[in-house]
Amino acid sequence: MTTEGSGASLGRDGVHNEDAYLVEEGLGLYVVCDGASGQPAGEIAARTAVATLEAFVEREHLEGRSLFQAFSSLRVASRAVRCAMDAVLEASREHDELRGMATTLSMLLVHGQTGAISHVGDSRVYLHRDGELHQLTLDHELSSSHDVDGTSPIDDSAIDTFAVDLRAQDTLLLCTD
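Residues numbered from 1 in each chain as written. Predicted model: local features only at pLDDT ≥ 70, side-chain atom pairs only at ≥ 80, totals over all residues. Heavy atoms only, no water.

A.B. asks: Where do I start with the overall build of the chain in this structure?
C.D. replies: Helix and strand counts for the chain stand at three helices and eight strands. Listed N to C, the secondary structure of the chain is β-β-α-α-α-β-β-β-β-β-β in terms of helices and strands. Of all 177 residues assigned to the chain, the portion counted as buried reaches 42%. Long-range contacts, defined here as pairs at least 24 residues apart, represent 63% of the contacts in the chain between residues at least 6 apart. With an accessible surface of roughly 9200 Å², the chain has 48% of that area assigned to carbon and sulfur atoms. (Helix = DSSP H or I, 4+ residues; strand = E, 2+ residues; numbered from the N terminus. Buried < 20%, exposed > 50% of the residue type's maximum accessible area, 1.4 Å probe, protein only. Contact = heavy atoms within 4.5 Å. Areas by Shrake-Rupley, 256 points an atom, 1.4 Å probe, with all protein chains shown as cover.)

Here it is in structure tokens:
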């Protein structure tokens, strides 16, 4: 599989951007986060989530756990996202200036020809296969029952995690708005 990362665009104001991303081929980990607009410190929330995801997946890998066994049940992806969102919430609670910060999160964890996708918010994952583009994730509205407003823990039901079988010519796109 071939991978490629690309930088984020400028924010709506032409200057400020709250996106963060990660391409870590050695771990099979691909992440995009978008700090929630209208909330404080969105860029910090996005960077915190990305760093936490990377550390979690790397720790799972280095501690000799079988990523394949855990991966096949999608536990690594789901636990990684839970850990990242908890880290954002904890940082928000510890520092008054960060209170309420939040981020969207879309993650792809690849093992062989299988990809685990875990997702919170309105960043998206698309699959381009056989000349057709398919949206794989559904948007979560910040004001819905899938509350990721940065002031309270998100419910596990707000984290969508699923597997997709990958083919050699597939292209997956993780993107923010």
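A.B. asks: Which parts of the structure should I look at to understand the environment of Met107?
C.D. replies: With respect to the helices and strands, the residue Met107 is situated in strand 3 (residues 103–111). If sequence neighbours within four positions are ignored, Met107 has contacts with Leu29, Tyr30, Val31, Leu53, Ala77, Ala80, Val81, Ala116, Ile117, Ser118 and Leu174.

A.B. asks: Can you help me understand the sheet that holds strand 2 (residues 29–35) in this one?
C.D. replies: Sheets are built from strands that pair by backbone hydrogen bonding, the pairs being arranged parallel or antiparallel. Taken together, five strands build an open sheet; the order of strands is 1-2-3-4-7 and the sheet is antiparallel. Edge positions in the open sheet fall to strand 1 (19–24) and strand 7 (160–165), since each of these has one partner strand only. Neighbour-to-neighbour, the strand axes of the sheet open up by a mean angle of 10°, direction not taken into account. Relative to strand 3, strand 2 runs antiparallel, the two sharing seven bridges. Among the inter-strand pairings, Cys33 is bridged to a residue of strand 3, identified as Leu105. The sheet strands contacting helix 3 (residues 75–94) are strand 3, strand 4 (114–120) and strand 7, and the helix crosses strand 3 at an angle near 150°. (Pairing = 2+ DSSP bridges. Axes fitted to C-alpha atoms, helices over the stretch in contact; angles between N-to-C directions.)

A.B. asks: Help me out: how do you make sense of the pattern of salt bridges in this one?
C.D. replies: Applying the stated rule across the entire model yields five salt bridges. Residues Asp139 and Arg124 are paired through a salt bridge, measuring 2.8 Å at the closest nitrogen-oxygen approach. With Asp139 in the loop between strand 6 (132–135) and strand 7 and Arg124 in strand 5 (residues 124–129), this pair connects stretches of sequence that are 15 residues apart. With a shortest N-O distance of 2.6 Å, Arg129 and Asp170 are connected by a salt bridge. One end of the pair, Arg129, is in strand 5; the other, Asp170, is in the loop between strand 7 and strand 8 (171–175), and 41 residues separate them in sequence. Looking at Arg129, the relative accessible area reads 17%, which means it is buried. (Salt bridge = Lys/Arg side-chain N within 4 Å of Asp/Glu carboxyl O.)

A.B. asks: Would you mind showing me how to read helix 3 here?
C.D. replies: Since the α-helix advances by 3.6 residues per turn, residues separated by three or four positions end up pointing in the same direction. Taking 1.5 Å per residue, 20 residues should reach 28 Å; helix 3 reaches 28 Å between its end C-alpha atoms and fits that length. Residues of helix 3 that are buried: Val76, Ala77, Ala80, Val81, Arg82, Ala84, Met85, Val88, Leu89, Ala91 and Ser92. (Expected span 1.5 Å × (residues − 1).)

A.B. asks: Got a minute to help me understand the pairing of strand 4 in this structure?
C.D. replies: Walk down a regular strand and you will see the side chains alternate between the two sheet faces. The buried fraction of strand 4 amounts to six of the seven residues, a majority that puts the element mostly inside the structure. As judged from the seven bridges shared by strand 3 and strand 4, these two strands associate in the antiparallel manner. Following the sheet pairing, Leu108 is matched in strand 4 by Ile117. Between the antiparallel neighbours strand 3 and strand 4 lie two residues, among them Gly112 with a positive phi of about 60°. Sheet topology note: the strand 4/strand 7 ladder contains six bridges and is antiparallel. What sits directly across from Ile117, in strand 7, is Phe162.

A.B. asks: I tried to follow the sheet that holds strand 5 on my own but got confused; where do I start?
C.D. replies: With respect to topology, three strands assemble into an open sheet ordered 6-5-8, the strand pairing being antiparallel. Each of the sheet's edge strands pairs with one partner strand only, and the pair in question is strand 6 and strand 8. Each neighbouring strand pair of the sheet contributes to a mean axis angle of 25°, computed without reference to strand direction. Pairing between strand 5 and strand 6: four bridges, direction antiparallel.

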